[in-house]
Amino acid sequence: MSTPVAYDSKIEGNIIFTKLDSAINWMRKNSLWPLPMGLACCAIELMATGASRFDISRFGAEVMRFSPRQSDVMIVAGTVTYKMALAVKRIWDQMPEPKWCIAMGACASSGGMYRSYAVLQGIDRLIPVDVYISGCPPRPEALIEGLLRLQRKIEGEHSFLAQKPALSAALA
Amino acid sequence: MLIKLEASAATKKDAAAIAGKFTVEKQTEFRGELTLVVTRAQFHDIARFAKDQLGYTYLVDISSVDHFGEEPRYEMVYELQNFERVENLRLKYTVSEDDATAPSVVDLWPTADWHEREVFDMMGITFPGHPDVKAVGHLRRILMWDGYPFYPLRKDFPLAGRDSDTPDVAFSRVAPLAGGPFVTAPSTGDTQEREPRSREME
């Protein structure tokens, strides 16, 4: 893989060359603001991940926002009942783009052990999920691993490249 | 509190007082707790008598049982407690499927409000005297959402659930009961092996 940033201190001084996508993605992935959609026991592990022992702020994701308008990644932590499902969907719809979703734990990913009349069998039936984390509940390390996977996924996005045709059409 | 092996004389006297005034079809005792099987028609009067005359001021719980395939199909169970003696008295009566209604006791114990709504929500037994009926004309659901068409705790309701749609409120779909991602495999292995993870069942 070629490095996204080219910098030679001898000849370039304070100037670096990079792609706009790389720079934007670098900023995005290191300042993910999670929306803690804590619905069951996974939320306890989510809190532990935010606390000092595991310290999710090492990865720039410590700013838990309870307002969907200010958050980038929804961490669905716990059992999504049908009664709660449309509320989760509504909050997801209120989040501005770009946005990502982590399904934390067996319940959010697939309904888990709740094969029942009351539980949605995976939040991916309502909203698109970027990263699934197995475990019941997953340990904080697993959530951090999920976050790192999401960061890797964001690195590879081509949001500006994808907008280029539309931009050139608008300028023409 | 010690586990009682026999009901106290006072509780037995209470049961006898109820049997003296009302019809008691059956009386059983288990580990110091008395259970009286009474009739639906007399139940509200019995409840009032137990609360006002016998001192059972606390309604611990109301539950319902589905004896599917038997007639009468349903059974209501009321757990009363005498607060001064800290002793329980259980009252039961049967409710038929054709007339699945029960007398409300919200006027005696306000805590019965949510208990009766739960019985309605899960089992479909209605309480014509409930305050919801006076306020909005029907009982409101409490665990499921308003508009959900089924009664999930009935024995003829499948564990996987049924499809339903309540626009803008909620929907429900049949849950798969085998296989899929994140299943546990029963084994004598360590936690690594038993942890729910992505695998298909054999």
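As the structure is a prediction and not an experimental result, all values here were calculated from the model.

**Q** Tell me what's going on with the overall build of chain A, and back it up with residues and numbers.
**A** Counting its secondary structure elements, chain A contains 7 helices and 6 strands. Moving toward the C terminus, one meets the helices and strands of chain A in the order β-α-β-α-β-α-β-α-β-α-β-α-α. Across its three principal directions, the C-alpha atoms of chain A cover 65 × 45 × 30 Å. In chain A, buried positions account for 35% of the 172 residues. Restricting the contact set of chain A to residue pairs at least 6 apart, pairs at least 24 apart contribute 76%.

**Q** Just give me the short version of the domain arrangement of chain B, but keep the residues and values in it.
**A** Residue and element names in this part refer to chain B. Here chain B is described as being made up of domain 1 (9-157) and domain 2 (158-202). Taking only C-alpha atoms into account, the centre of domain 1 sits 35 Å from that of domain 2. Taken together, the 6 residues of domain 1 in the interface contact 6 residues of domain 2. Residues of the side of domain 1 that touches domain 2, tallied by class, amount to 5 nonpolar, 1 polar and no charged.

**Q** Give a detailed account of the sheet that holds strand 1 (residues 26-30) of chain B, specifying residues and quantitative values.
**A** All names here are of chain B. Strand order across the open sheet formed by 5 strands is 1-2-5-4-3, with mixed pairing between neighbours. Each edge of the open sheet is held by one strand with a lone partner, namely strand 1 and strand 3 (58-66). If you compare each strand with its neighbour and ignore which way they point, the axes differ by 20° on average. Across 9 bridges, the pairing between strand 4 (residues 74-82) and strand 5 (residues 87-95) is antiparallel. Note on strand 5: the bridge partner recorded for Tyr-74 is Val-95. Sitting on the sheet, helix 3 (residues 112-123) is in contact with strand 3 and strand 4, with an inclination near 10° to strand 3.

**Q** Describe the nonpolar core, and please don't skip the residues or the numbers.
**A** Formed by 36 residues in total, the largest nonpolar core has its most connected members in Ile75(A), Val76(A), Ile102(A) and Met104(A). Mapped onto this core, the elements with two or more residues apiece are strand 3 (34-38), helix 3 (42-50), strand 4 (73-77), helix 4 (82-94), strand 5 (100-104), helix 5 (105-110), strand 6 (131-133) and helix 6 (140-155) of chain A. Leaving out residues up to four positions away in the same chain, Ile75(A) has contacts with Pro34(A), Leu35(A), Pro36(A), Met37(A), Leu46(A), Ile102(A) and Met104(A). One finds Leu34(B), Val38(B), Tyr56(B) and Ile62(B) within the second-largest nonpolar core, a separate group that totals 30 residues.

**Q** Account for the packing of helix 2 (residues 20-29) of chain A against helix 6 of chain A, naming residues and giving values.
**A** Residues and elements named next belong to chain A. The geometry of helix 2 relative to helix 6 is characterised by a closest axis approach of 9 Å and an angle of 160° between their N-to-C directions. The orientation of helix 2 with respect to helix 6, classified from their angle, is roughly antiparallel. The chirality of how helix 2 crosses helix 6 is right-handed. Counting all contacts with helix 2, which are made through Asn-25, Arg-28 and Lys-29, the residues of helix 6 involved are Gln-151, Ile-154 and Glu-155.

**Q** Could you give an account of unusual backbone geometry, with specific residues and numbers?
**A** Generally, phi is negative for residues other than glycine and the peptide bonds are trans, each holding for most cases. Cis geometry marks the peptide bond from Glu97(A) to Pro98(A), where omega comes out at -5°. Examined against the element boundaries, Pro98(A) turns out to sit in the loop between helix 4 and strand 5. With omega at -10°, the peptide bond leading from Cys136(A) into Pro137(A) counts as cis. Examined against the element boundaries, Pro137(A) turns out to sit in the loop between strand 6 and helix 6. Of note, the phi angle at Arg31(B) is positive, near 50°, even though the residue is not glycine. Topologically, Arg31(B) is positioned in the loop between strand 1 and strand 2 (33-37). Here Val86(B), not a glycine, exhibits a phi torsion of approximately 50°, which is positive. Residue placement: Val86(B) occurs in the loop between strand 4 and strand 5.

**Q** Requested: an account of the confidence of the model for chain B, with residues and values cited.
**A** Summary statistics for chain B give a mean pLDDT of 87 and a share of 90% for residues scoring 70 or more. What the predictor reports for the complex is a pTM of 0.79 with an ipTM of 0.74.

**Q** Report on the environment of His138(B), specifying residues and quantitative values.
**A** All names here are of chain B. Within the secondary structure layout, His-138 lies in the loop between helix 4 (131-136) and strand 6 (164-166). Take His-138: there are 12 C-beta atoms within 10 Å of it, and that puts it in the exposed class. Separated by 51 residues in sequence, His-138 and Gly-189 have C-alpha atoms that sit 52 Å apart.

What counts as what
- Residue numbers here run from 1 along each chain, matching the order of that chain's written sequence.
- Note on labels: chains are lettered from A, ligands numbered from 1, in written order.
- Where totals are concerned, whole chains, interfaces and linings use all residues; where local detail is concerned, this predicted model gives features only for residues with pLDDT of at least 70, and gives and counts side-chain atom pairs only at 80 or more.
- Only DSSP runs of H or I with at least four residues qualify as helices, and only runs of E with at least two residues qualify as strands; both kinds are numbered from the N terminus onward.
- The exposure label follows from counting other C-beta atoms within 10 Å of a residue's C-beta, where the C-beta atoms are placed from the backbone and the thresholds are 20 or more for buried and 12 or fewer for exposed, leaving partly exposed in between.
- With C-beta atoms placed from the backbone, a contact is any residue pair whose C-beta atoms sit within 7 Å.
- An automatic or database domain assignment is the source of the domain bounds shown.
- Throughout, the ten residues Ala, Val, Leu, Ile, Met, Phe, Trp, Tyr, Cys and Pro are labelled nonpolar, Asp, Glu, Lys and Arg are labelled charged, and all others, Gly among them, are labelled polar.
- Strand pairing follows a simple DSSP-based rule, namely that at least 2 bridges must link the two strands.
- Note on geometry: axes are lines fitted to C-alpha atoms, helical ones only across the stretch in contact, with angles between N-to-C directions running from 0 to 180 degrees.
- Buried Ala, Val, Leu, Ile, Met, Phe, Trp, Tyr and Cys residues form a nonpolar core when they are connected through C-beta atoms within 7 Å.
- Note that the term roughly parallel is reserved for angles under 35 degrees, roughly antiparallel for angles over 145, roughly perpendicular for angles of 65 to 115, and oblique for everything else.
- Handedness of each helix crossing follows the sense of rotation of the near helix against the far helix: counterclockwise by less than a right angle gives left-handed, clockwise gives right-handed.
- The score called pLDDT rates the predictor's confidence residue by residue, from a low of 0 to a high of 100.

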